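In case you want the letters, here they are:
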Amino acid sequence: MSELALLLNQSVNALSQAALLFFLGVGLTLIFGIMRIINFAHGTLYMLGAFVGYSIVHATGSFWVALVLAPVVVGVLGLLFELFILRRLYQREAHAFLMVTFGLALVTGEAIRLIWGSDALQVPAPPALSGVIFLLDEPFPVYRLFLASSGIVVAIAIWQILERTRLGLLIRATSQNAEMVHALGVDVNLVRSGVFGIGCGLAALGGVLAAPLVTASHGMAATAVIDAFVIVIIGGMGSFLGSLIGAVLVAFVQVFGNYYYPDLALAFMYLVMLTVLIVRPGGLLGKEA
Amino acid sequence: MRPATVLGVLAIAALLVAPLVLPVFAMTLLTELVILGLFAMSLDLMVGYTRLISFGHVAAYGLGAYASGFFLLNTEMPLIVAVLAAAAMTGVLAIGIGWICTLATGVSFSMLTLAFAQLLYAIAFKWTSVTGGSDGLAGIPRRPGPFGFDLFSSKTGFYFLALGCLLGSYLLCRALVNSPFGAVLRGIRENEAKTLSLGYNTRLYKIAVVAVAYAFGALAGALYSPFAGFANTELLFWLLSGQVLIMVIVGGSGTLIGPILGAAFFMLLEHQLSSYTEAWALFFGLVFIAFVLFAPEGIWGLARSWFGRSQPAETKATGNPS
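Residues numbered from 1 in each chain as written. Chains lettered and ligands numbered in written order. Predicted model: local features only at pLDDT ≥ 70, side-chain atom pairs only at ≥ 80, totals over all residues.

Engineer: For the pairing of strand 1 (residues 132–135) of chain A, give the residues involved together with the corresponding values.
Structural biologist: All names here are of chain A. Strand direction decides the pairing type here: strand 1 and strand 2 (residues 138–141), joined by 4 bridges, are antiparallel. Note that in strand 2 the partner of Leu135 across the bridge is Glu138. A loop of 2 residues connects strand 1 with strand 2, the two strands running antiparallel in sequence, and Leu136 in this loop sits at a positive phi of about 55°. (Pairing = 2+ DSSP bridges. Helix = DSSP H or I, 4+ residues; strand = E, 2+ residues; numbered from the N terminus.)

Engineer: Residues and numbers for the nonpolar core, please.
Structural biologist: Ala204(A) and Leu219(B) are the most contacted members of the largest nonpolar core, which totals 201 residues. In terms of residue count, the dominant contributor to this core is helix 10 (residues 202–228) of chain B (17 residues). Ignoring sequence-local partners within four residues, the contact set of Leu219(B) consists of Leu38(B), Gly64(B), Val83(B), Ala87(B), Cys165(B) and Ser169(B). (Core = buried A, V, L, I, M, F, W, Y, C linked by C-beta atoms within 7 Å. Buried ≥ 20, exposed ≤ 12 C-beta atoms within 10 Å, placed from the backbone. Contact = placed C-beta atoms within 7 Å.)

Engineer: Account for the interface of chain A and chain B, naming residues and giving values.
Structural biologist: Taken together, the contact pairs 36 residues of chain A with 34 residues of chain B. Counting residues per element, the ones that place at least two in the side of chain A that touches chain B are helix 4 (94–116), helix 9 (220–235) and helix 11 (265–279) of chain A. Considering only residue class, the side of chain A that touches chain B consists of 28 nonpolar, 4 polar and 4 charged. (Nonpolar A, V, L, I, M, F, W, Y, C, P; charged D, E, K, R; others polar.)

Engineer: Before we move on, could you go through helix 13 (residues 280–294) of chain B and cite the residues and values that matter?
Structural biologist: Between its terminal C-alpha atoms helix 13 of chain B stretches 21 Å, which fits the 21 Å expected from 15 residues at 1.5 Å a residue. All buried positions along helix 13 of chain B are accounted for by Ala281(B), Gly285(B), Phe288(B), Phe291(B) and Val292(B). Buried positions in helix 13 of chain B, seen along its axis, are confined to an arc of 120° and lie on one side of it. The exposed set on the far side of helix 13 of chain B, more than 90 degrees from its buried face, consists of Ala290(B) and Phe294(B). Tucked into the core, helix 13 of chain B has its buried residues touching helix 4 of chain A together with helix 11 (238–251) of chain B. (Expected span 1.5 Å × (residues − 1). Arc of directions from axis to C-beta.)

Engineer: Lay out the environment of Gly103(A) in plain terms, naming residues and giving numbers.
Structural biologist: Take Gly103(A): it is sitting in helix 4. Sequence spacing of Gly103(A) and Phe40(A) is 63 residues, and the spatial spacing of their C-alpha atoms is 8.7 Å.

Engineer: Before we move on, could you go through the packing of helix 2 (residues 42–60) of chain A against helix 9 of chain A and cite the residues and values that matter?
Structural biologist: All names here are of chain A. Interhelical geometry of helix 2 versus helix 9 gives an angle of 130° and a closest axis separation of 7 Å. Regarding the angle of helix 2 to helix 9, the classification is oblique. The two elements helix 2 and helix 9 cross, and the hand of that crossing is right-handed. The residues of helix 9 that touch helix 2, namely those facing His42, Gly43, Thr44, Tyr46, Met47 and Ala50, are Met220, Ala221, Ala222, Ala224, Val225 and Ala228. Here the residues of the contact of helix 2 with helix 9 sort into 9 nonpolar, 3 polar and no charged. (Axes fitted to C-alpha atoms, helices over the stretch in contact; angles between N-to-C directions. Parallel < 35°, antiparallel > 145°, perpendicular 65-115°, else oblique. Left-handed = near helix turned anticlockwise from the far one by under 90°.)

Engineer: How would you explain the confidence of the model for chain B if you had to name every residue and give the values?
Structural biologist: As a general rule, the predicted coordinates of low-pLDDT regions are not to be interpreted in detail. Confidence in the prediction of chain B, expressed as mean pLDDT, is 85, and 93% of residues score 70 or more. Scored as a complex, the prediction yields pTM 0.82 and ipTM 0.76. (pLDDT = per-residue confidence, 0-100.)

Engineer: Could you give me a rundown of the environment of Val186(A), with the residues and numbers involved?
Structural biologist: Assignment of secondary structure puts Val186(A) in the loop between helix 7 (178–183) and helix 8 (188–214). The contacts of Val186(A), once residues within four sequence positions are left out, are Leu170(A), Val181(A) and Val191(A).

Engineer: Pulling in residues and values, what's your account of unusual backbone geometry?
Structural biologist: Of note in this structure, Arg36(A) is not a glycine but carries a positive phi near 55°. If you trace the backbone, Arg36(A) turns up in the loop between helix 1 (3–35) and helix 2. Exposure remark for Arg36(A): the 15 C-beta atoms within 10 Å place this residue in the partly exposed category. Despite not being glycine, Leu256(B) has its phi angle at roughly 65°, a positive value. Tracing the sequence through the fold places Leu256(B) in the loop between helix 11 and helix 12 (257–276). With 25 C-beta atoms counted inside 10 Å, the residue Leu256(B) sits in the buried group.

Structure (structure tokens):
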């Protein structure tokens, strides 16, 4: 394999990984921006997305239906959690959210085990996306190319929603000054519920998309939540662009680190994060903490 | 004597006679509980008294566990020396960790502590020659000595060592939080800017409390590895950081005693639930959510209101050192 093709191949891997990490990170950062809470259950909801996706694929036979429905299901569950539990806690300290979302992670993780069992489950990629295509005489898995492009599409969509729509305006305004938005007659609680639901849905979207690549398994949650934290910390809590940059950076460090220095790859990611935090404690694009 | 003192004396007496009445498996559980209680209490110095929310307190626990395991496997150090050396070493290392982490405040501080813990986790995984990699360190002995003193090598003896460490640490921590140093820590918790403007170098105080908390946390870890006979990467896994933070909060932060009760509650609940049902984590999670919603002051707060002493946690903690 030529040097260039190798580089290209690894870059596609990294970009597809970046897409998955971005779906995780962007939800976490949006939730933090609006609600100032760290959602410990984010990784578990990502995992839930993969399992729900598995069931939908088996019930309907279509990966595409799962891709649309699973995030909706998980998003609605997130919305209900916000409505009935988180909403009671806005006057309390950050502790409370940490514990409640940790509790949610435990409950959801165990519920998944009860419903789907302990085994890893295979989710086949749709026929149109399995197989490889040849570029520069080198094979590239179609599914990874699909992941990378879906990441780009979703990133552009979220960016446009945040910048161009009324919903985006409300989200940005609420993250800057919730009280003022409330005083202007907007139901801030509705914005919060909505963003929490959307964030959970995005995590689940990542989970469904990851499933054909890594199978739906119980190990997913722990890795996912920690990766999501790292991305958001590097990018800056609450920053959309930051989560995008963080996801790409982390994915490239993971993929290339694993290829060239497999022993050190795990440590690299945390070293990058430490360096960023030491230079800019609020993250690359975050406000000074 | 105040009722609290009487209760305290009774609790200590009960802990001292426990080995005479409890079966072996219960003693194993109790020893682990004492160790976890010490771990949770050490975090309370940061969380409860200084409002430094650490997401990475496993760093202390894991460092202590690996260090004492390494000393016991590779040197001739007696058990008690290895345990204390591991705690002291971690305390010194933590000055550096504290120096870097206190560059940030708030959520960023939490995340930096998490980053350090994860870095150590990654190192423990890969530095096989020292840490044993994914297998960890196994067969850690409880070496007797010094001077032929071998009480601590037996199961019961080890329990007394752990209990002694917990009580000694509790007294030291209580003295610390009631000292002028502790008053500055509470000043930082309530209003750091104000404390700074009063002329205290708050960053130095924060670094100091991180070092002390890590040393006590490492003491717990250093006890755990000879207790279990092994040290592995589980002891550095971030989930444990989350759990210990929850022990502190469920027990009642800023009280020292509360986190010990929190650790006991956490362990006993896990133990009980896992013997009744496979799906214990489900109920476990529900109990936590219920705690946040209905008992925000934690177990210690609940206990205090039952005893009709409804003053806020502050008063007790700041209170008269009588």
